Amino acid sequence: MPPVSASAIMLTFLGDHVLDRHICVYSGSVIDVLGRAGVSAEATRSTLTRMTGRGLLRRQRSGRRMYFGLTERSARILHDGSVRLWQTGAVNRDWDGTWTLLAFSLPGERQRERHDLRAALAWAGFGPVQGGLWIAPGAPDVSDLLSEHIRVFRGRTDPSTDIAEMIAGAYDLAALADRYEDFRTRWAGVRPTDPLATKLLLITDWLQIIRRDPRLPAEHLPADWPAAGAQELFRALNDRLTGPAAEIAAGLLDTLPDEG
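Participant: I keep staring at unusual backbone geometry and nothing clicks. Help me out?
Facilitator: Glycine aside, a negative phi is what most residues show, and trans is what most peptide bonds show. Positive phi is not limited to glycine here, since H22 has a value of about 55°. Tracing the backbone shows H22 in the loop between α1 (6-17) and β1 (23-26). Taking the relative accessible area as the measure of exposure, H22 reaches 61% and is therefore exposed.

Participant: Explain the side chain of N92 here, please?
Facilitator: On the secondary structure map, N92 appears in the loop between α4 (72-88) and β4 (99-104). Given a relative accessible area of 8%, N92 falls into the buried group. Within polar-contact distance, the side chain of N92 engages the backbone nitrogen of W95 at 3.3 Å. Once residues within four sequence positions are removed from consideration, N92 is found in contact with R215, L216, P217 and A218.

Participant: How do you make sense of the environment of R65 when you look at a structure like this?
Facilitator: Examined against the element boundaries, R65 turns out to sit in strand β3 (residues 65-70). Separated by 38 residues in the primary sequence, R65 and S27 have C-alpha atoms spaced 7.8 Å apart. In contact with R65, other than residues within four places in its own chain, are Y26, Q60 and D254. Side-chain polar atoms of R65 contact the side chain of D254, separated by 2.5 Å.

Participant: Explanation requested: the sheet that holds strand β8 (residues 255-257) in the structure shown.
Facilitator: Pairing within the open sheet is antiparallel, and its four strands lie in the order β2-β3-β1-β8. Edge positions in the open sheet fall to β2 (57-62) and β8, since each of these has one partner strand only. The average angle at which neighbouring strand axes cross in this sheet is 35°, direction not considered. Of the strand pairs in this sheet, β1 and β3 are connected by two bridges, and their pairing is antiparallel. When the sheet's bridge partners are listed, Y26 is paired in β3 with Y67.

Participant: Looking at this structure, I do not really get the pattern of salt bridges. What am I missing?
Facilitator: Once their charged atoms are close, side chains differing in charge can pair, the charge on each being opposite to the other. Applying the stated rule across the entire model yields seven salt bridges. In this structure, the salt-bridge partner of D116 is R112, at a minimum N-O distance of 3.2 Å. On the criterion of helical spacing, the pair formed by D116 and R112 is a turn pair, its members being four residues apart in helix α5 (residues 111-123). On the basis of relative accessibility, which here comes to 39%, the residue D116 falls in the partly exposed class. Residue classification places R112 among the exposed residues on the basis of a relative accessible area of 63%. For D205, the salt bridge is made with R186, and the minimal N-O distance between the two is 3.0 Å. Residue D205 is located in helix α8 (residues 195-210), and its partner R186 is located in helix α7 (residues 173-187); the two are separated by 19 residues in the primary sequence. The exposure class assigned to D205 is buried, which follows from its relative accessible area of 2%.

What counts and how
Residues numbered from 1 in each chain as written. Predicted model: local features only at pLDDT ≥ 70, side-chain atom pairs only at ≥ 80, totals over all residues. Heavy atoms only, no water. Helix = DSSP H or I, 4+ residues; strand = E, 2+ residues; numbered from the N terminus. Buried < 20%, exposed > 50% of the residue type's maximum accessible area, 1.4 Å probe, protein only. Polar contact = N/O pair within 3.5 Å; in protein donor to acceptor, adjacent residues only side chain to side chain. Contact = heavy atoms within 4.5 Å. Pairing = 2+ DSSP bridges. Axes fitted to C-alpha atoms, helices over the stretch in contact; angles between N-to-C directions. Salt bridge = Lys/Arg side-chain N within 4 Å of Asp/Glu carboxyl O.

Without other data, these values stay purely geometric and don't point to any function.
Next up, the structure:
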């Protein structure tokens, strides 16, 4: 699979083993679990420290041991990932026909700002139509993007508009499709020797793909769009790994009730 950061695997671990359980987990346990997925002890300690500094984790001491629990901020991030994984998924078959249009205008000398805004728009699921006009299906949350240079509109396309053509011009469909095809190639026929590590890597890999997917309406994508097949493979593998992974984790994790 493509290189993944210790932070990404950490978030997967927290979402799978800590979220909504109202527990804190001993740092040594985290090191043991992430070590099975190829993350060094040093990288795990550094990630715990960095996430605590950013307000994503909180410390809870018990004797000489340090435990870590979620904060409201990290819980929100993990719940968002959970919704993408298990509810909205990778295939958008329930599009309501609406679009969000975002127009921006920045002076030429503010190139860095413009670059950063475009990156943020792409991450939020927008694609460029022309100039400073970008679109996204449905009603994505744009509250973090708003500024005096941005205007947002919502509506429907005129019947004369070729939506499939508009999508093909605004998004790199080939790159999106390649990510799903690559996922299927990586994971088809996998025979895990360590269900816990495999499940962590599987979910991390899948999340990195679907978080970059703008969830374009399925009815306007090519008939052979590979997202559905990749999602079916992901869920089948996850179902197969869940029980054995939970058994291993139960023997490794030292937890306490979250007093926060």
